[in-house]
Amino acid sequence: MTDQTHTTLESHPDIVEMRERHARAERAASTQQGQAVEALALVTGLYLAASPWIAGFNDFGTLAINNLITGIAYALLLSGFGHAYERTHARAWAAALIGAWTIVAPWVVAGNVDTTRTVVNNIIVGAVALLLALAAGAAASETDRGRSGRTDMGARGGGRMGRPAH
């Protein structure tokens with residue numbers, strides 16, 4: 001018979017660091033900047049999804065479907081921004097790729113869909129989406145720098161024999 005040891009989260013060796021990281025993430029997500037990026041990203045994604053019908057190019061099926069799918073994906077990636085702040089860096093890169101794709105989509109998707117209306121719409125929405133994704137990524141990097149900065153300061157804080165370096 002094997003002896004199974006059940007451990008709890010409270011006995012995890014990194015529990016203090018995990019709690020501090022969670023607290024920093026919660027504080028960062030509750031800032032005005034974090035909330036603004038999250039709200040604007042949600043609106044941008046929803047507009048991108050509905051843009052073929054709002055801007056009037058829903059007759060271009062390939063681009064309309066492209067914008068619908070990428071808009072929903074973008075909204076889902078960054079609208080959960082505050083709830084999964086530690087994962088925001090990866091989500092922000094994926095959202096940035098969606099923003100870049102949105103810019104080039106009128107020339108890349110099948111069919112002759114590169115009209116003035118589609119190009120202007122997609123360039124503006126794609127640029128806004130890209131900038132918001134970069135802002136979300138920068139905010140996530142700030143959270144990570146806060147953690148590594150503290151750790152680095154602890155490692156570099158003392159000189160010889162524990163005395164502060166001058």
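Look above for the structure.
Residues numbered from 1 in each chain as written. Predicted model: local features only at pLDDT ≥ 70, side-chain atom pairs only at ≥ 80, totals over all residues. Heavy atoms only, no water.

**Q** Quick rundown of the nonpolar core? Include the residues and the values.
**A** Core analysis: the largest hydrophobic core is formed by 12 residues, namely Val37, Ala41, Tyr74, Leu78, Ala92, Ala95, Ala96, Ile98, Ala129, Leu132, Ala133 and Ala136. If we skip the residues at most four places from it in the chain, Ala92 touches Leu78, Ala133, Ala136 and Gly137. In terms of nonpolar packing, the next biggest core, distinct from the first, is built from five residues, Phe57, Leu63, Val109 and Val113 among them. (Core = buried A, V, L, I, M, F, W, Y, C linked by side-chain atoms within 4.5 Å. Buried < 20%, exposed > 50% of the residue type's maximum accessible area, 1.4 Å probe, protein only. Contact = heavy atoms within 4.5 Å.)

**Q** Give me helix H2 (residues 32–55): which residues, what numbers.
**A** At Ala49, H2 shows its largest kink, close to 55°, and the proline Pro52 lies no more than four residues downstream. Residues of H2 that are buried: Gly34, Val37, Glu38, Ala41, Thr44, Gly45, Leu48, Ala49, Ser51 and Pro52. Gly56 sits one or two residues past H2 and shows a positive phi near 85°. (Bend = angle between axes of the 7 residues up to and from the residue. Helix = DSSP H or I, 4+ residues; strand = E, 2+ residues; numbered from the N terminus.)

**Q** Tell me about the environment of Val119, residues and numbers included.
**A** The residue Val119 is located in helix H5 (residues 116–156) in this model. Under the relative-accessibility criterion, Val119 is labelled buried at 15%. For Val119 and Ile103, which are 16 residues apart along the polypeptide, the C-alpha to C-alpha distance reads 7.7 Å. Setting aside anything within four residues of it in sequence, one finds Val119 in contact with Pro106, Trp107 and Asp114.

Everything listed here is a matter of coordinates, which is why it stays silent on function.
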